[in-house]
Amino acid sequence: MSTPSGQVPPGNDQPSAPIAPIPQSGQPKSNTPSIMWAVATIVVALVGGFLIYTAMTQGDEPADAGPGSAQGAGSDEGADREAGDEAAEDGAADDGGADDGAAPEAPAAESEQTSEAPQPTESAAEPTVTEEQKQFLLDLPRRDAEDPMAKGDVDAPVVIMEFADYRCPFCASWGRDVQPALQDLIDDGTVRLEFRDRILFGEESEATALAARAAGEQGMYWEYHDAIFAAAPDSGHPDMPREKLLGFAEEIDIPDLEKFEADLDSPELREAMQADQEQGESLGVRSTPTFLVNTVALVGAQPEQVFRQAIEQELVAVTE
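Note that the coordinates shown come from a computational prediction; the quantities given were computed from them, not determined experimentally.

Caption draft 1: Structural context of the nonpolar core. Ranked by internal contacts, the top residues of the largest apolar core, which has 53 residues, are Ile160, Tyr166, Tyr224, Phe260, Val293, Leu298 and Phe307. Those residues in contact with Ile160, other than ones at most four positions away along the chain, are Leu182, Val191, Arg192, Leu193, Glu194, Phe291, Leu292, Val293, Phe307 and Ile311. The next biggest cluster of nonpolar side chains, apart from the first, holds nine residues, and it includes Met161, Leu283, Val285 and Leu292.

Printed below as a string of structure tokens:
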């Protein structure tokens, strides 16, 4: 059983904003209309997500919100990098960059984030998202019953897609604290969680993602996932040499350690990981963790209540 690859929307190689729905109507291309459509789509998606987040977090006390108390906070930001790029390791060591929980790139109107939820501008009072855009987002989950990187009912009405890097401390924080708190919704069939690799911090992040997939080949993806995040530091990007990855496999009692080690070098698993990476890039995911709750985008290690409110909102939408 091989780990499935991600879905990448065509014609969207370098979007300028995170999680922008890309309409796929199949209409003939025309330069000016297509550019206007792309710009309008991105603006609508950003404004819609901004207002949704503002509505969900109004009245929250910053002290109770945890590492994701502001939009974009509690996230690791990094430029898109290929494995082995020296800039990746420089970014991982720069305490003034990713570890500050910086927000992803945004238009000037939203570029300055504070610990309080920003107020929407008058021009952004009533954004609309088309049914076509919503359907594009709803079609992104794999809903594959054999996917080792997913948990929950394959037909659950709400799917949380998580884009994360295993060496991101905020991803670890969310994986340790918030994900288990949502387990009741996974168990009762309301929510399905699908993990996607979004590699921001170089070769060791890639190696760790491959190790988790190798564990998934033996039906122990989530056990390996939990072991990595349980051992993660509160800040910084931990070193992940090969012997440490083998140590995690021994810790969770992987049945066939020889196969596990061989799968660390599997071209098939690397190809699947790269497909997830390309999907994240195509959607504009530039910081981790980033989540898509059906049609709602959340950036950063947001607290449990933010996810529950987004889930409730989507449950209403799917029953209308």
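Caption draft 2: Inspection of helix H5 (residues 169–181) at higher detail. Across its 13 residues, H5 extends 18 Å between first and last C-alpha, which sits within 8% of the 18 Å expected from 1.5 Å per residue. Largest kink in H5: about 35°, centred on Gly175. Within the span of H5, buried status applies to Pro169, Phe170, Cys171, Ala172, Ser173, Trp174, Gly175, Val178 and Gln179.

Caption draft 3: Structural detail: the pairing of strand S3 (residues 158–164). The buried fraction of S3 is high, at seven of seven residues. Burial of S3 is two-sided: the residues Val158, Ile160, Glu162 and Ala164 facing one way and the residues Val159, Met161 and Phe163 facing the other way are all buried. In the sheet, S3 pairs with strand S4 (residues 191–197) via seven bridges, with the strands oriented parallel. Across the sheet, Met161 pairs through a bridge with Glu194, a residue of S4.

Caption draft 4: Region of interest: the pattern of salt bridges. What the rule picks out here adds up to 14 salt bridges. Linking Asp184 and Arg308 is a salt bridge whose minimum nitrogen-to-oxygen distance equals 2.8 Å. Of this pair, Asp184 sits in helix H6 (residues 183–187) while Arg308 sits in helix H12 (residues 304–319), placing them 124 residues apart in sequence. Across the pair Glu194 and Arg192 runs a salt bridge whose closest N-O atoms are separated by 2.9 Å. A single network of salt bridges, built from pairs that share partners, joins Arg142, Asp147, Asp197, Arg213 and Asp276.

Caption draft 5: How the structure looks around empty space enclosed by the protein. Here the structure, examined in full by the defined rule, presents one cavity of 30 Å³ or more. The space that makes up the largest cavity amounts to roughly 30 Å³. Surrounding the largest cavity, Ile160, Trp174, Gln179, Leu182, Ile186, Val191 and Leu193 form its lining. Counting only elements with at least two residues in the lining of the largest cavity, the list comes to H5 and S4. Per-class residue counts for the lining of the largest cavity are six nonpolar, one polar and no charged.

Caption draft 6: Spatial organisation of H12. The terminal C-alpha atoms of H12 lie 23 Å apart, and with 16 residues this matches the ideal 22 Å at 1.5 Å per residue to within 8%. Listed as buried for H12 are Val306, Phe307, Arg308, Ala310, Ile311 and Glu314.

Parameters and conventions
Residues numbered from 1 in each chain as written. Predicted model: local features only at pLDDT ≥ 70, side-chain atom pairs only at ≥ 80, totals over all residues. Heavy atoms only, no water. Core = buried A, V, L, I, M, F, W, Y, C linked by side-chain atoms within 4.5 Å. Buried < 20%, exposed > 50% of the residue type's maximum accessible area, 1.4 Å probe, protein only. Contact = heavy atoms within 4.5 Å. Helix = DSSP H or I, 4+ residues; strand = E, 2+ residues; numbered from the N terminus. Expected span 1.5 Å × (residues − 1). Bend = angle between axes of the 7 residues up to and from the residue. Pairing = 2+ DSSP bridges. Salt bridge = Lys/Arg side-chain N within 4 Å of Asp/Glu carboxyl O. 1 Å grid on protein atoms, 1.4 Å probe; cavity = no way out; pocket = protein on both sides within 12 Å on 5 of 7 lines; lining within 4 Å. Points joined across faces, edges and corners; volume = space filled by probe spheres on them. Nonpolar A, V, L, I, M, F, W, Y, C, P; charged D, E, K, R; others polar.

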